[in-house]
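# Tertiary structure, described
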Amino acid sequence: MTYSTRIDICNIQIDKYSFDWVVEAIAHQAISRGTPKYVVTPNAQHIVALQRDARFRRIYQDAFLVVPDGVPLLWAAKFFNTPLSGRVNGTDLFEHLCKVSADRGLKVFLLGGRPGAAKKAKNVLETRHPDLKIVGIYCPYYGFESDPEELKRINSIIQAAAPDILFVGLGAPKQEYWIYDNYQKVGIPVCIGIGVSFELVGGMVKRAPKFMQKAGLEWFFRLIMEPKRLWQRYFIGNAMFIVLVLKQKFRLLWSS
């Protein structure tokens, strides 16, 4: 497959591909079982965190695909006169890739989520797609990333299951850290960080109505659902993202 140029949003390079193109690119990589690769799904909070986290930036630089999960990234791209092809939401990507996997005989593995989330997501997806092969689920305990034995155990379980696609729901940047440190070790064709998607698909966390998703207000719906946990992330994070976007716009105007 050929690759388009990436666009710059606050010094982070984002792919311009459409949702359907991304699905096909990932499916092609999984079917061909080539050199292991991984996909990242940035939103506004990622962009803010990437400004001060050199390790996180390196992970983004080496990614197979960097696809815009958040609607604010589409707004920013349009503001810079470099529009993207559309949103590639992580939860939608997870669900659609599971459908494609069922249709094409690909095996998937679910790693992470809150206790019970991956199991609930597995039950929902297997009901929707009876031919789907979910060859394993695993929910590591909090703080597992500091336990070498647990890390070895996770890798052994995944390697034994031998999936074609590994979905990782550990939250950012923990899921990206884990993927980067382990994707070559486990040897899975594609790893994808998908945040809270197991909880959303499994019904543990309610997802925003479609009109709010399209309007870029999914973050606001989640804030209403979990205000104590998310208020700082969204109010402060979104404000910082706006400042970064305005700074880039001023730089573009100054240099033109």
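This text goes with the structure placed above it.
Attention in this report is confined to the structure presented alongside it.

## Section: the side chain of Glu150
Note on placement: Glu150 falls in helix H7 (residues 148-161). With no salt bridge to any partner, buried Glu150 finds its closest opposite charge in Arg153, at an N-O distance of 4.3 Å. Beyond its immediate chain neighbours, meaning those up to four positions away, Glu150 contacts Tyr138, Pro140, Tyr141 and Phe144.

## Thoughts on helix H8 (residues 174-186)
Given 3.6 residues to a turn, an α-helix orients residues that are three or four positions apart in the same direction. The first and last C-alpha atoms of H8 sit 17 Å apart over 13 residues, in line with the 18 Å expected at 1.5 Å per residue. The largest bend in H8 is about 35°, located at Tyr180. Three or more residues of H8 are buried, namely Gln175, Glu176, Trp178, Ile179, Asn182, Tyr183 and Val186. Gly187, located one to two residues past H8, shows a positive phi value of around 70°.

## A look at the pattern of salt bridges
Enumeration over the complete set of coordinates arrives at 11 salt bridges. We note a salt bridge from Asp103 to Lys99, for which the minimum N-O separation is 3.1 Å. On the criterion of helical spacing, the pair formed by Asp103 and Lys99 is a turn pair, its members being four residues apart in helix H5 (residues 90-104). Judged by its relative accessible area of 38%, Lys99 falls in the partly exposed class.

## Some points on the packing of aromatic side chains
Scanning the entire structure with this criterion turns up nine aromatic pairs. Between the aromatic rings of Phe56 and Tyr177, the centroid separation amounts to 6.4 Å while the plane-to-plane angle is 75°, which identifies the pairing as edge-to-face. Remark: Tyr177 occurs in helix H8 and Phe56 occurs in helix H3 (residues 54-61); sequence separation between them is 121 residues. Relative accessible area serves as the criterion here: at 1%, Phe56 is assigned to the buried category. Lying over the aromatic face of Tyr177, Arg55 brings its terminal NZ or CZ to 3.9 Å of the ring centre.

## Quick look at the nonpolar core
Formed by 41 residues in total, the largest nonpolar core has its most connected members in Ile9, Ile14, Leu111, Ile158, Leu166, Trp178 and Phe241. Here this core gets five residues from one element, more than from any other, and that element is helix H2 (residues 44-50). Excluding residues within four positions of it along the chain, Ile14 makes contact with Arg6, Ile7, Ile9, Pro42, Ile47, Val66, Pro68, Leu73 and Leu84. Counting residues in each nonpolar core, the second largest holds 35 residues, with Ala25, Ile26, Val88 and Leu110 among its members.

## What about H3?
Of the positions making up H3, those classed as buried are Phe56, Ile59 and Tyr60. Seen end-on, H3 carries its buried residues on one side only, within an arc spanning 100°. Check the buried side of H3 and you find it contacts strand E2 (12-14), strand E3 (37-40), H2, strand E4 (65-66) and H8.

Rules used throughout
Residues numbered from 1 in each chain as written. Predicted model: local features only at pLDDT ≥ 70, side-chain atom pairs only at ≥ 80, totals over all residues. Heavy atoms only, no water. Helix = DSSP H or I, 4+ residues; strand = E, 2+ residues; numbered from the N terminus. Buried < 20%, exposed > 50% of the residue type's maximum accessible area, 1.4 Å probe, protein only. Lys, Arg positive; Asp, Glu negative; His and termini not counted. Salt bridge = Lys/Arg side-chain N within 4 Å of Asp/Glu carboxyl O. Contact = heavy atoms within 4.5 Å. Expected span 1.5 Å × (residues − 1). Bend = angle between axes of the 7 residues up to and from the residue. Phe/Tyr/Trp six-rings, centres within 6.5 Å; stacked < 30°, edge-to-face > 60°. Lys NZ or Arg CZ within 6 Å of the ring centre and 35° of its normal. Core = buried A, V, L, I, M, F, W, Y, C linked by side-chain atoms within 4.5 Å. Arc of directions from axis to C-beta.

Shape descriptors only; they carry no functional weight alone.
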